[in-house]
Amino acid sequence: MVEPVESDPSLLVVVLDVNPSAWARSPLALDKALQQIVIFINAYLALNPENKLVVIGASKRKCLLLYPSDSTVDAAQDIQVYEQFRLVDVKVLSGVQAMMSQVTVDNINSLDERQSPMSRALSMALCHIHRINEDQTGKIWSRILVLSAGEDAPREYISLMNSIFAAQKMSVLVDICKACGQKDSVFLQQAADITGGNYLKVNSAADESLLQTLMFTCLADHYTRSVINAPGSALIDF
Amino acid sequence: MVKPAVDDDDDYIDIDDTGPEGLKGADGGYAWEEEYKRSWDVIQEDASGSIQSSVSGLSELQRKRRRRLRDTEVVQRGIMRHVTVVIDQSEAMGVRDMTPTRMHAAMGLAEQFVAEFFDQNPISQLSVVGTRDGLAEKVTELSSNPMDHVGALRNRAQRDLAGEPSLQNALELAMHGLRRAPTHGLREIICVFGSLTTCDPGDIEQTLQALRHADVRVSMVHLAAEVHVFKRICTLTGGSFAVAADADNLRDALFELIPPPPLAAGRATADMVRMGFPIKARATDVPTPCVCHHELSFSGYLCPRCGSKVCSLPTDCDVCGLSLVSAPHLARSYHHLFPEENFVELPGTSVLSEACCFACGVEWNNST
C-alpha cells in the first residue's frame, strides 16, 4: 500500500449538480454559489503547481465535461486576474450557464425533477481519473468533490453503489457537500463513508458559508487528511 | 446448473466411455503429435529494440479473452456462503515444481484468496482446515473476519510438512464445522491438494453420501494431476475440479471460485432471512466492552435486537445470534446478481459518430 507523500500531486474532480428545481428552492443563489466554488477551485490549483482539475456538470438529462473542454473562451483578457485561473473560471461559469439555458422542463416542481441522478456523473469522473492515471508517470492521488443540490434517485441505487465500490478500489476519496436542500442524501452519505471522504451539509439559511466549509475540509489532499481532524460524521442511516 | 447424477456404473470403464479417443484435438491428432509451436515468435522487437510492447500486448490479449467470457446470465446465486478451505500439508506439497515450493505458492495464494473472497462476498463466512499425516486439524473457526484467517494461514505456513493427507478426515471435520451454518446459506468446501494419494480410515463413499445428504458442495484445485476419486467427489456434489499447471493457473483456478455460484435447480428458494442493520454507537467518553472480543473500545455498532455492542461488521451478534450487516455489504453482492453486459469490441473508431470518447473526452486517434 503506497502511502501518500506531501509533495505528491492531486487530481480533483468537481461534480456540479445543476438541478434547476433544487437550486430554485435554495436560499443560496446559484450564481453566488458558483462564485464561491470557483474561488475554492482557484485555491486548490494554487496549492501545488502539479495539481490537476476536472469539472463535470451533471443535470438530469446530460452530463457534460466543463473543464478541460474544447469550448472557445471569448471573454477578454483581464490583467487583474491570473490567466490560468481566469480560463478555468470562465469555462466553468459559461459551461454551467449553457447547461441551465438548455433546460426546458414542464413540471419543474414534481418529485421526479427534484431527484438528481449522480451515478452517471460519478462514472464519468472515475473514467477521467483512470485516464489521467494511465497518462501520468508518477503517483497522483485523486478525489472527487460532489456538490449536490437535488435528492437521491432510488432507481439508480445499484449503479451508484457500483461506482462507489469502484472508487473505493481505486483509492479515490469522495467528498460530498450538500449545498442546498433540507434532506440528507443517504446514498451519498454511504459513498463518503465507504471511500473515506467527508459528508458536509451547508445550511445557507443559518448563514453557514459554502466557501468556508469547502476550504476547511475539502482542500486537504490524501496526505493531509491523515493529520487533520475532519468534522464529525453524523449517524449514517444504513 | 449441475444435477448430481446417481450412477453406480461410474466406477467401471465401459465401451461407451470416451476413453483415450476423447483426448484427440480438433484435427484428430494428439497434442504431442502436432507441429511444435514456437511461442517466442510472437514477441517482436519494436523500433527502439524493446520488447515491452509485445509482451504487454500478450497479457492484454489474455485479459481481453477472459473478460469476454464473463457470464452475464441472470441466475439465482448463493450469496450467503459458508466455505471451509482445506489445505493439504503433506510431503507432496514440498515438491519444488512451483517456486519455491508448492506449499509456499499455495499459502500465498490462499491469503490473497481470503482477502478477495471477503471483498466479493462480504456476508459470507470462512474457516480453514489443514490435513497432514493422516489427520485433519481445524485451523480457524467459521468467521467473517479476514484478518483471523490470514494470520492463521501465515502461522500454518511455518509448520513442517509430513506424511499423507486424509481427504476423508478433512471432509468430515469440515462438514462438522459447517453443520452450524444455517440452511438458507450455501455450504461449500474448497480443497487445495497436492498429493496424489489419500490415507483414509474408512470408506470415502459414505462420506460422499453424507456430503450429498447435507447439501455441501466440494470443489478442488489440484496442483499435480487429476485423481479419479477427488474428481468424482467434486462432480457428484455439484462442485468443480481443476488442475493447476503453474502458479498463475492456480491463481486463476482459485479465483474462479470466488464469485457466488449459481444455485442448483432443486434447491428450496425464497426464504425469509432475518438480518439486523446496526447503527453506530455514539462515541462516549468512557470506553465500553464489546461482546465479540470482550475488549474495551470507544466506538462500535449496536445490535438492533438486543442492544449489545459489536466492534465490526459483518458479524453475528454473540448475544442474540442475529446476523448483523450494513447496507453496503449487501450492495456489494448486487453486481453478481445483476451483472453488467459485456463490452462489445468494435472493429475501429470510424464506425462511431462522435469524435471523442464519451467517458473521458479524449479524441480518437485512428490506430485504436
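Nothing here was measured: the structure is a model prediction, and the numbers come from that model.

Next up on the list: the environment of Lys178(A). Residue and element names in this part refer to chain A. Examined against the element boundaries, Lys178 turns out to sit in strand β5 (residues 173-178). For Lys178, a relative accessible area of 2% gives the class buried. Residue contacts for Lys178: discarding those within four places in its chain leaves Ser148, Ala149, Gly150, Lys183, Asp184, Ser185, Tyr199, Leu200, Lys201 and Val202. Engagement of the side chain of Lys178 in a polar contact is seen with the backbone oxygen of Cys180, the distance being 3.4 Å.

This next bit is on the packing of aromatic side chains. The description of two aromatic rings rests on the distance between their centres and on the angle between their planes. A full pass over the atoms with the stated rule returns seven aromatic pairs over all chains. With 4.9 Å between their ring centres and 50° between their planes, Tyr157(A) and Phe187(A) make a pair best called tilted. Of this pair, Tyr157(A) sits in helix α6 (residues 157-169) while Phe187(A) is found in helix α7 (residues 186-195), placing the two residues 30 residues apart along the sequence. Here Tyr157(A) and Phe187(A) have matching classes, each one buried. Through a chain of ring-to-ring contacts, the aromatic side chains of Tyr157(A), Phe187(A), Tyr334(B) and Phe338(B) assemble into a single cluster.

A few words on the UniProt feature "zinc finger region: C4-type" (unreviewed entry) in chain B. The UniProt record annotates "zinc finger region: C4-type" (unreviewed entry) at residues 303-320 of chain B. Note that residues 303-320 of chain B is 0% helix and 22% strand, and that its end C-alpha atoms are spaced 9 Å apart.

Turning our attention to the interface of chain B and chain A. Quite often, the size of an interface is put as the accessible area lost when its parts meet. Between chain B and chain A, the residue contacts involve 21 residues of the former and 16 residues of the latter. Taken together, the two surfaces of chain B and chain A that pack against each other cover about 1600 Å², and 67% of this comes from carbon and sulfur. By the criterion of area lost to chain A, the three top residues of chain B are Pro328(B), Ala359(B) and Cys360(B), representing 27% of everything that side buries. Taken together, the connections running from chain B to chain A amount to one salt bridge. At the surface where chain B touches chain A, the tally comes to one residue pair in polar contact (both at pLDDT 80 or more).

Cut-offs used in this document
Residues numbered from 1 in each chain as written. Chains lettered and ligands numbered in written order. Predicted model: local features only at pLDDT ≥ 70, side-chain atom pairs only at ≥ 80, totals over all residues. Heavy atoms only, no water. Helix = DSSP H or I, 4+ residues; strand = E, 2+ residues; numbered from the N terminus. Buried < 20%, exposed > 50% of the residue type's maximum accessible area, 1.4 Å probe, protein only. Contact = heavy atoms within 4.5 Å. Polar contact = N/O pair within 3.5 Å; in protein donor to acceptor, adjacent residues only side chain to side chain. Phe/Tyr/Trp six-rings, centres within 6.5 Å; stacked < 30°, edge-to-face > 60°. UniProt positions renumbered as here; feature names shortened; annotations may be inferred. Buried area = accessible area lost by both parts, 1.4 Å probe. Salt bridge = Lys/Arg side-chain N within 4 Å of Asp/Glu carboxyl O.

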